Amino acid sequence: MAVPKRKTSPSKRKMRRAHLVTKATPSMPVEDTTTGDFHRPHRMTKSGYYKGRKVIIKAQKQETHDHNHDENDNHDDHKH
């Protein structure tokens, strides 16, 4: 069994436990300079901006037409 050779000092004990402590105050929301949206620090806004720059662009819906099938075709009616 592992036994410590010396007593752990209070400083070392606190350093070891430091990551277990939760933050006392939650982070305050900040305002984005471009959109004026409020968001958490170091996070992007809901509209996709980070540090005044658009980082996420929503993909536009592309319409694909399949010429072989009509939208009104009912595939259950076709029997082979």
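Keep in mind that what you see is a predicted model, and the values were worked out from it rather than measured.

So, how was this worked out
- Residues numbered from 1 in each chain as written.
- Predicted model: local features only at pLDDT ≥ 70, side-chain atom pairs only at ≥ 80, totals over all residues.
- Heavy atoms only, no water.
- Helix = DSSP H or I, 4+ residues; strand = E, 2+ residues; numbered from the N terminus.
- Buried < 20%, exposed > 50% of the residue type's maximum accessible area, 1.4 Å probe, protein only.
- Polar contact = N/O pair within 3.5 Å; in protein donor to acceptor, adjacent residues only side chain to side chain.
- Contact = heavy atoms within 4.5 Å.
- Patch = residues over 30% accessible without salt bridge, like charges linked within 9 Å, V, L, I, M, F, W, Y side chains within 5 Å.
- Areas by Shrake-Rupley, 256 points an atom, 1.4 Å probe, with all protein chains shown as cover.
- Salt bridge = Lys/Arg side-chain N within 4 Å of Asp/Glu carboxyl O.

Colleague: It is not clear to me how unusual backbone geometry should be interpreted in this structure. Could you clarify?
Modeller: Note: most peptide bonds trans; most residues except glycine with negative phi. Phi is positive for His42, close to 65 degrees, though the residue is something other than glycine. Looking at the secondary structure, you find His42 in the loop between β2 (38-39) and β3 (49-50). Even without a glycine there, the phi angle at Lys51 is positive, about 55 degrees. With respect to the helices and strands, the residue Lys51 is situated in the loop between β3 and β4 (53-54). With a relative accessible area of 71%, Lys51 lands in the exposed category.

Colleague: What is the right way to look at the side chain of Thr45 in this model?
Modeller: Within the element layout of this structure, Thr45 appears in the loop between β2 and β3. Separated by 3.2 Å, the side chains of Thr45 and Ser47 make a polar contact. Contact partners of Thr45, with chain neighbours within four places excluded, come to Asp32, Thr35, Asp37 and His39.

Colleague: For this particular structure, what's the right way to read a nonpolar patch on the surface?
Modeller: On the surface, Met44, Val55 and Ile56 cluster together to form a nonpolar patch covering roughly 240 Å² of accessible area. With respect to the secondary-structure elements, Val55 resides in the segment after β4. On the accessibility criterion, Val55 (40% relative accessible area) is partly exposed.

Colleague: Is there a simple way to explain the environment of Gly48 in this structure?
Modeller: Topologically, Gly48 is positioned in the loop between β2 and β3. For the pair Gly48 and Thr35, spaced 13 residues apart in sequence, the C-alpha to C-alpha distance is 9.8 Å. Beyond its immediate sequence surroundings of up to four residues, Gly48 is in contact with Arg53, Lys54, Val55 and Ile56.

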